[in-house]
Amino acid sequence: MTLRPFLRPVLLTVAATAVVFTATALLPGDAGDIQRAGRASEQELADERERLGLDRPAAVRYLDWLYGAVRGDLGRSLVSGRAVTGLFTERLPATATLVAFALAVTALLTSAALTVAFLRGGRGGALATGLAAVPQSVHAAVLGMVFAGILGWLPAVSLLPPGGSPFDAPEALVLPGLTLALPSAAYATVLLRGTLDDTLRRPHVSDARVRGLPPALVLIRHVLPFLLVPAMRVTALVAGGLMAGTALVETMFGYPGTGSLLVSAVAVRDIPVVQAAALPPVVVLLLCMLVADRLAVRHSGRGGPAEYGRGTATPALVGGRA
């Protein structure tokens, strides 16, 4: 195996960190100005920027951060002075748990929606398209109003016990998890509906239905193999999107993860913390895409559905058996 498949994710990760650094640096004000609340003299502000290292060119500061990140040192917070690695690792387990929960719910909802679409012969799909188009903030507001306000089943704010984990208060995961999962499941369903519709029009699927095979058997044996590779790639996209979506959801529900850390760091222009908190969505997306691509190649190499259609026979009719 060559290193070429792994080189692209690394380069894209570096490019993403450069974009995040540049975007944060272009925001009005910096950490020194914000900490002084605009009340410092020009000399005091210059001294503060020199203390924080903000007097150096932006390119030099970025390269210094990148060199440290490669060695496992993400720098220190410009506001608290704490090591960014410590700030980050304190909150990462909470975000990882939230994303894992949301991804599991997304998979269940997407599977249910595609199963219904299969049973209906590929008709419908307007509901998924509509839900995918609704902003995440609207999902959060509606879910919070219904389950926390009207029904009172869930807490409106997803706070965790001091020093505790999400497993100490699992109810805190539900509202932010559902807010992440609903639009993600709708988006995944929309992406996979095209593949499902194409598969349902294949001769071997039509033949299996004409011969009266049970719908569950048709779905498992003749349809799912064609959805496997697209589903792996869609899962990679959704996983990265879930990580990115935590910034809004964690802030709205008060959930103490890396997403809310990112929002607060942007507010005070704490660039080292912003860089660290912005890394997980990029890394998760690129790693998942790499794994999905490798699995797709491996699946095709074993004679999976990617190779079907190259001959005259369909997979369900080879040897005259379904």
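Data block above holds the structure.
Residues numbered from 1 in each chain as written. Predicted model: local features only at pLDDT ≥ 70, side-chain atom pairs only at ≥ 80, totals over all residues. Heavy atoms only, no water.

Run through the packing of aromatic side chains, naming residues and quoting values.
One pass over the full model with this rule turns up three aromatic pairs. For the ring pair phenylalanine 21 and tyrosine 62, a centre distance of 5.5 Å and an interplane angle of 55° mean the geometry is tilted. In this pair, phenylalanine 21 is assigned in helix α1 (residues 4–25) and tyrosine 62 in helix α4 (residues 58–70), connecting sequence segments 41 residues apart. Given the relative accessible area of 11%, tyrosine 62 is considered buried. Seen from their ring centres, tyrosine 62 and tryptophan 65 are 6.3 Å apart, and the 25° between their planes marks the pair as stacked. Highlighted residues: tyrosine 62 and tryptophan 65, both in helix α4, separated by three residues, approximately one helical turn. Note on accessibility: tyrosine 62 and tryptophan 65 belong to one class, buried. Clustering of aromatic rings is evident, with ring pairs tying together Phe21, Tyr62 and Trp65. (Phe/Tyr/Trp six-rings, centres within 6.5 Å; stacked < 30°, edge-to-face > 60°. Helix = DSSP H or I, 4+ residues; strand = E, 2+ residues; numbered from the N terminus. Buried < 20%, exposed > 50% of the residue type's maximum accessible area, 1.4 Å probe, protein only.)

So, the side chain of serine 77: which residues are in play, and what are the values?
In this structure, serine 77 sits in the loop between α4 and α5 (84–119). A polar side-chain atom of serine 77 sits 3.1 Å from the main-chain amide nitrogen of serine 80. Apart from residues lying up to four places away in sequence, serine 77 is in contact with Arg82, Val84, Leu87, Asp270 and Val273. (Polar contact = N/O pair within 3.5 Å; in protein donor to acceptor, adjacent residues only side chain to side chain. Contact = heavy atoms within 4.5 Å.)

I'd like a description of empty space enclosed by the protein, backed by residues and values.
What the rule picks out here adds up to one cavity of 30 Å³ or more. There is about 40 Å³ of room inside the largest cavity. Lining the largest cavity are Ala16, Thr17, Val20, Gln275, Ala278, Leu279 and Val282. Broken down by secondary-structure element, the contributors of at least two residues to the lining of the largest cavity are α1 and α12 (271–301). Element by element, the count of residues in the lining of the largest cavity is highest for α12, at four residues. (1 Å grid on protein atoms, 1.4 Å probe; cavity = no way out; pocket = protein on both sides within 12 Å on 5 of 7 lines; lining within 4 Å. Points joined across faces, edges and corners; volume = space filled by probe spheres on them.)

Give a detailed account of a nonpolar patch on the surface, specifying residues and quantitative values.
A cluster of nonpolar residues, Val138, Val142, Met145, Ile150, Leu151 and Trp153, forms a patch on the protein surface that exposes about 620 Å² of accessible area. When its relative accessible area of 49% is taken as the criterion, methionine 145 is described as partly exposed. (Patch = residues over 30% accessible without salt bridge, like charges linked within 9 Å, V, L, I, M, F, W, Y side chains within 5 Å. Areas by Shrake-Rupley, 256 points an atom, 1.4 Å probe, with all protein chains shown as cover. Salt bridge = Lys/Arg side-chain N within 4 Å of Asp/Glu carboxyl O.)

Describe a negative patch on the surface, listing the residues and the values that go with them.
Among the surface-exposed residues, Glu44, Asp47, Glu50 and Asp55 lie close enough to one another that they form a single negatively charged patch. Position of aspartate 55 among the secondary structure elements: in the loop between α3 (42–52) and α4. (Lys, Arg positive; Asp, Glu negative; His and termini not counted. Charge placed at Lys NZ, Arg CZ, Asp CG, Glu CD.)

So, the environment of leucine 248: which residues are in play, and what are the values?
Relative to the assigned elements, leucine 248 resides in helix α10 (residues 215–253). Sequence-wise, leucine 248 and valine 263 are 15 residues apart; in three dimensions their C-alpha atoms are separated by 8.1 Å.

Shape descriptors only; they carry no functional weight alone.
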